Amino acid sequence: MRLTGIGVGRALAVGPVRRMPDPLPEPPEGATVADPEAEIARTRTALQQVSAELLQRGARAGGDARNVLEAQALMAEDPTLLDDVVTRITGGRTGERAVFEAFLEFQVMLVGLGGYMAERAADLGDVAQRVIARLTGVPAPGVPESDTPFVLVARDLAPADTALLDLTKVLALVTRDGGPTSHTAILARARSIPAVVGVREADDLRDGQLLLVDAGAGTLDVDPDQASVDEAHRRIEERRAASSGPITPGVLGDGTRIQLLANLGNAKDAQGAVDLGAEGVGLFRTEFLFLDAKSAPTVGEQKAQYVALLKAFPGKKVVVRALDAGADKPLAFLNDSEEENPALGLRGLRVLREREDILREQLTALAEAGAETEAELWVMAPMVSEPEESAYFTALAKELGIRTAGVMVEVPSSALLAAHILESADFVSIGTNDLTQYTLAADRLLGTVAHFQDPWHPAVLRLVAEVGRAGAAVGKSVGICGEAAADPALAVVLVGLGATSLSMTPAALADVRAELLTVTLEQAKARAAAALAAGSAADARAAAASA
Ligand code: PEP
Ligand code: MG
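Remember, it's a predicted structure, so these values are computed and weren't measured experimentally. (Residues numbered from 1 in each chain as written. Chains lettered and ligands numbered in written order. Predicted model: local features only at pLDDT ≥ 70, side-chain atom pairs only at ≥ 80, totals over all residues. Heavy atoms only, no water.)

**Considerations on the overall build of the protein**
If you tally the helices and strands in the protein, you get 21 helices and 16 strands. In summary, the protein has a C-alpha radius of gyration of 24 Å against a globular reference of 24 Å for 547 residues, a match within 12%. The principal-axis extents of the C-alpha atoms in the protein amount to approximately 80 × 60 × 40 Å. Taking all 547 residues of the protein together, the buried fraction comes to 52%. Partitioning the intrachain contacts of the protein with sequence separation of at least 6 by distance along the chain shows that 67% fall at a separation of at least 24. For the protein, the accessible surface area stands at approximately 22,900 Å², while carbon and sulfur atoms represent 53% of it. Charged side chains in the protein number 51 positive and 75 negative. The centres of these two groups are separated by 4 Å. (Helix = DSSP H or I, 4+ residues; strand = E, 2+ residues; numbered from the N terminus. Rg over C-alpha atoms; globule rule 2.2 N^0.38 Å. Buried < 20%, exposed > 50% of the residue type's maximum accessible area, 1.4 Å probe, protein only. Contact = heavy atoms within 4.5 Å. Areas by Shrake-Rupley, 256 points an atom, 1.4 Å probe, with all protein chains shown as cover. Lys, Arg positive; Asp, Glu negative; His and termini not counted. Charge placed at Lys NZ, Arg CZ, Asp CG, Glu CD.)

Right, here's the structure in full:
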């Protein structure tokens, strides 16, 4: 039997199923408490203990997991939620029931808000479960203990579970819920664990069943035959050999150079990227530095961060993106208006233009950092939809001392007008995540439309081809910095469409490097042509594979 979902990463795994225990039962509604004051104190303590435990786990896990767990710890101590819990206990509920109701109400509200907020609802539910478990005196639902490796199957994984996974035991993750940007997916990607999320029939899987997980294909084979298991083990070995091979610059089999760069969100991850063979940085997401900032960071504060980044790449290209605030990444000091459809609103360069003071400060900080370090600094603007915006940004950047200024192509209009954009921009970088969302009209954060968010879609590829042609005509660099670049088979197609560099999460570099070596530029072009002629993402994938 074959089940399908959304694959995260390219790896494979074969192992027996271990299910996460199902959530705790709902605390009974009718139970009452004799001493509400004591009940409030008991509940308050449980909330504090859970918060402390989450902070501790975060400190142990570090990296992306730490941010996620710290955010959860804050939820456990949220004063509004606490007030609500206290009111319910005063009204006669038990602590368990009060926590259950208050958190649930908040979760429903978050789901109603949609997008990024809805995806945080699962985190809140997890905090509630932990608090109720503590109050009830039962272990918090979590990853099962096992002496032997297994494939973890769950309805959804909370960040607290994913953060501390023992990678010597957990071969792969399978979840029923969750989209491509759920925490399970983000953390699985960061920790290179193969995962398939959004598998509708995952509830039917039973402990002990053998599972062949192919994250690249997004499939699960239940009780596979021996030949399939042998083939999977052969591919697992092949991947291992490829990733432990020598780290060389990105190059096709015929010697065509394709720079392999890293996507980074903070300077601390720079060394890890260098160790994995990043030849520089293709996308530094500056908004990640300031997600929690209440006011605009000063030039000095920004400069310190940029210097730390640039120092890790002496003599190498580092492409820094101006703040991409708005939609899924609102910044308190830039996005203060309520918008019905923030992805279509005042985000990226649009909001920076409204607040040119902030843009000027950022470009100044970057120019100063660039002048003090040896890296080759390139700066680009996010969410550009018009050639005029490109002209505006590049002129301003040059005025403030940036030598190489370009723009991201994330909106179909700018892909179609790439030739005009390149009249002002020194380079372009295609953000396939947003380009796919806007081409297919599907919110990239919404699980319900996740199947549209597929950069293999020939409509997306045609837009990439347009940009590739425009770049080649004037000899300017066309980078790719969306998740698409991390898919080795698609990376080859993107090169065939004219991409001159590929930037990705550093964990994906080895696979892409190995895949590029297997083709010549002519072969990459043939695969690209086959994919372009297809009528669906699935057909494009298949066509490229057999071209
Ligand atoms: C993209 O849209 O593809 C991109 C790289 O930018 P972000 O994911 O930060 O929106
Ligand atoms: Mg984007």
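**Looking at the nonpolar core**
Ranked by size, the top nonpolar core spans 95 residues in total, and within it Phe393, Leu494 and Leu502 carry the most contacts. Discounting chain neighbours no more than four positions away, the residues touching Leu502 are Ile258, Gln259, Leu260, Leu261, Ile480, Ala485, Ala491, Leu494, Val495, Val512 and Leu516. With 25 residues, the next largest nonpolar core counts Val50, Phe103, Val127 and Val131 among its residues. (Core = buried A, V, L, I, M, F, W, Y, C linked by side-chain atoms within 4.5 Å.)

**Some details on helix 10 (residues 299-311)**
Across its 13 residues, helix 10 extends 18 Å between first and last C-alpha, which sits within 8% of the 18 Å expected from 1.5 Å per residue. Taken together, the buried positions of helix 10 are Gln302, Lys303, Tyr306, Val307, Leu309 and Leu310. The buried residues of helix 10 all sit within an arc of 160° when viewed along its axis, so they share a single face. Of the exposed residues in helix 10, those oriented more than 90 degrees away from the buried face are Ala304 and Lys311. The inward-facing, buried residues of helix 10 contact strand 9 (259-264), strand 10 (280-285), strand 11 (317-321), helix 12 (356-372) and strand 12 (376-381). (Expected span 1.5 Å × (residues − 1). Arc of directions from axis to C-beta.)

**Quick look at the pattern of salt bridges**
Using the criterion set out here, one finds 35 salt bridges in the structure. The salt bridge partner of Glu105 is Arg88, with a shortest N-O separation of 2.8 Å. With Glu105 in helix 4 (residues 95-113) and Arg88 in helix 3 (residues 79-90), the pair connects residues that are 17 residues apart, well separated along the chain. In this structure Arg88 comes out as buried when scored by relative accessible area, which is 16%. Taking the shortest distance from any N to any O, the salt bridge between Arg93 and Glu101 comes out at 3.0 Å. Classification of Arg93 as partly exposed rests on a relative accessible area of 30%. Through salt bridges with shared partners, a single network forms among Glu26, Asp84, Arg88, Arg93, Arg97, Glu101 and Glu105. (Salt bridge = Lys/Arg side-chain N within 4 Å of Asp/Glu carboxyl O.)

**Some words on the packing of aromatic side chains**
If you walk through the whole model with that rule in mind, you get one aromatic pair. An angle of 50° between the planes, with centres 4.7 Å apart, marks the rings of Trp378 and Phe427 as tilted. Taken together, the positions of Trp378 in strand 12 and Phe427 in strand 14 (residues 427-430) put the pair 49 residues apart, joining distant regions of the chain. With a relative accessible area of 12%, Trp378 lands in the buried category. Positioned above the aromatic ring of Phe150, the side-chain terminus of Arg18 is 5.9 Å from the ring centre. (Phe/Tyr/Trp six-rings, centres within 6.5 Å; stacked < 30°, edge-to-face > 60°. Lys NZ or Arg CZ within 6 Å of the ring centre and 35° of its normal.)

**Some points on empty space enclosed by the protein**
Counted according to the given criterion, the structure contains two cavities of 30 Å³ or more. Quantified by volume, the largest cavity comes out at close to 80 Å³. If you go around the largest cavity, you meet 13 residues; those closest to its centre are Gly282, Val319, Ser429, Gly479 and Ser501. Looking at the lining of the largest cavity, the elements with two or more residues in it are strand 11, strand 14, strand 15 (477-480) and strand 16 (501-504). Here the residues of the lining of the largest cavity sort into six nonpolar, six polar and one charged. In terms of lining, the second largest cavity is formed by 14 residues, of which the most central are Arg285, Arg321, Glu410, Asn433 and Arg444. Those elements that place two or more of their residues in the lining of the second largest cavity are strand 10 and helix 16 (432-440). Residue classes in the lining of the second largest cavity are distributed as three nonpolar, four polar and seven charged. (1 Å grid on protein atoms, 1.4 Å probe; cavity = no way out; pocket = protein on both sides within 12 Å on 5 of 7 lines; lining within 4 Å. Points joined across faces, edges and corners; volume = space filled by probe spheres on them. Nonpolar A, V, L, I, M, F, W, Y, C, P; charged D, E, K, R; others polar.)

**Concerning the coordination of the magnesium ion (ligand 2)**
Here the magnesium ion (ligand 2) is held by the protein donor atoms Glu410 (OE) and Asp434 (OD), which lie 2.0 to 2.1 Å from it. Of this pair, Glu410 sits in the loop between strand 13 (404-409) and helix 14 (412-416) while Asp434 sits in helix 16, and the two are 24 residues apart along the sequence. Residues Glu410 and Asp434 agree in their burial class; the two are buried. (Donors = N, O, S within 2.8 Å, 3.2 Å for Na, K, Ca; no water.)

**Quick notes on unusual backbone geometry**
A positive phi angle is found at Asp223, which is not glycine, with a value near 45°. Assignment of secondary structure puts Asp223 in the loop between strand 8 (219-222) and helix 8 (226-243). Look at Asp223 and you get partly exposed, because its relative accessible area is 48%. You will see that Met383, though not glycine, has its phi angle at about 55°, which is positive. Tracing the backbone through its elements, the reader meets Met383 in the loop between strand 12 and helix 13 (387-399).

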